[in-house]
Amino acid sequence: MNHLSEKNSVLNRPMYLYLCPVCLGQFLDTGIYKIVRENHGQAKERCDFCNYRNGYDFIIYSKAEKKDEVADEWQ
């Protein structure tokens with residue numbers, strides 16, 4: 001595996017973060033992430049991003065990296 005493939009495999013992994021509504025909005029506004037709430041029955045926890053407000057656990061996927069991965073397969 002070359003360095004570029006190794007780097008892309010790390011970048012394509014989803015992030016698991018607790019996000020408050022404000023910080024969630026920051027991720028949504030960029031438009032480059034697909035965000036899925038992991039567990040709808042969970043209690044709120046401290047936000048991993050601002051470490052101030054409470055929020056829920058989300059899985060964050062990078063849309064841009066997924067497109068690059070598909071493009072690389074066709075070349």
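No experiment lies behind these values; they were computed from the predicted model shown.

A. Region of the structure containing the environment of Y16. With respect to the secondary-structure elements, Y16 resides in strand β1 (residues 15-19). The class for Y16 is partly exposed, based on a relative accessible area of 47%. Setting aside residues up to four positions removed in sequence, Y16 forms contacts with E38, D48, D57, F58 and I59.

B. Up close: the nonpolar core. L17, L19, C20, C23, L24, F27, C47, F58 and I60 together form the largest nonpolar core, which totals 9 residues. For this core, the element with the highest residue contribution is helix α2 (residues 21-30), accounting for 3 residues. The residues contacting F27, other than those within four sequence positions of it, are M15, L17, L19, Y33, I35, F49 and I60.

C. Region of the structure containing the packing of aromatic side chains. In total, this model carries 2 aromatic pairs according to the counting rule given. When the ring of F27 is compared with that of Y33, the centres are 5.4 Å apart and the planes differ by 65°; the resulting orientation is edge-to-face. Note on F27: relative accessible area 9%, which makes it buried. The partly exposed category is assigned to Y33, whose relative accessible area is 23%. Taking the centre distance of 5.2 Å and the plane angle of 70° together, the rings of F27 and F49 count as edge-to-face. Remark: F49 occurs in the loop between β3 (45-46) and β4 (54-62) and F27 occurs in helix α2; sequence separation between them is 22 residues. Judged by its relative accessible area of 52%, F49 is exposed. Here the aromatic cluster, defined as three or more aromatic residues joined through ring pairs, consists of F27, Y33 and F49. If you follow K34 out to its NZ or CZ, it ends over the ring of Y61, 5.8 Å from the centre. Between R37 and the ring centre of Y56, over which it is positioned, the NZ or CZ distance is 3.6 Å.

D. Local environment of α2. Where α2 is concerned, the buried positions are C23, L24 and F27. One side of α2 holds all its buried residues, which, seen down the axis, span an arc of 105°. What points out from α2, more than 90 degrees from its buried face, is the exposed set P21 and D29. Buried positions along α2 lie against β1, β2 (33-37) and β4.

Definitions and limits used
- Residues numbered from 1 in each chain as written.
- Predicted model: local features only at pLDDT ≥ 70, side-chain atom pairs only at ≥ 80, totals over all residues.
- Heavy atoms only, no water.
- Helix = DSSP H or I, 4+ residues; strand = E, 2+ residues; numbered from the N terminus.
- Buried < 20%, exposed > 50% of the residue type's maximum accessible area, 1.4 Å probe, protein only.
- Contact = heavy atoms within 4.5 Å.
- Core = buried A, V, L, I, M, F, W, Y, C linked by side-chain atoms within 4.5 Å.
- Phe/Tyr/Trp six-rings, centres within 6.5 Å; stacked < 30°, edge-to-face > 60°.
- Lys NZ or Arg CZ within 6 Å of the ring centre and 35° of its normal.
- Arc of directions from axis to C-beta.

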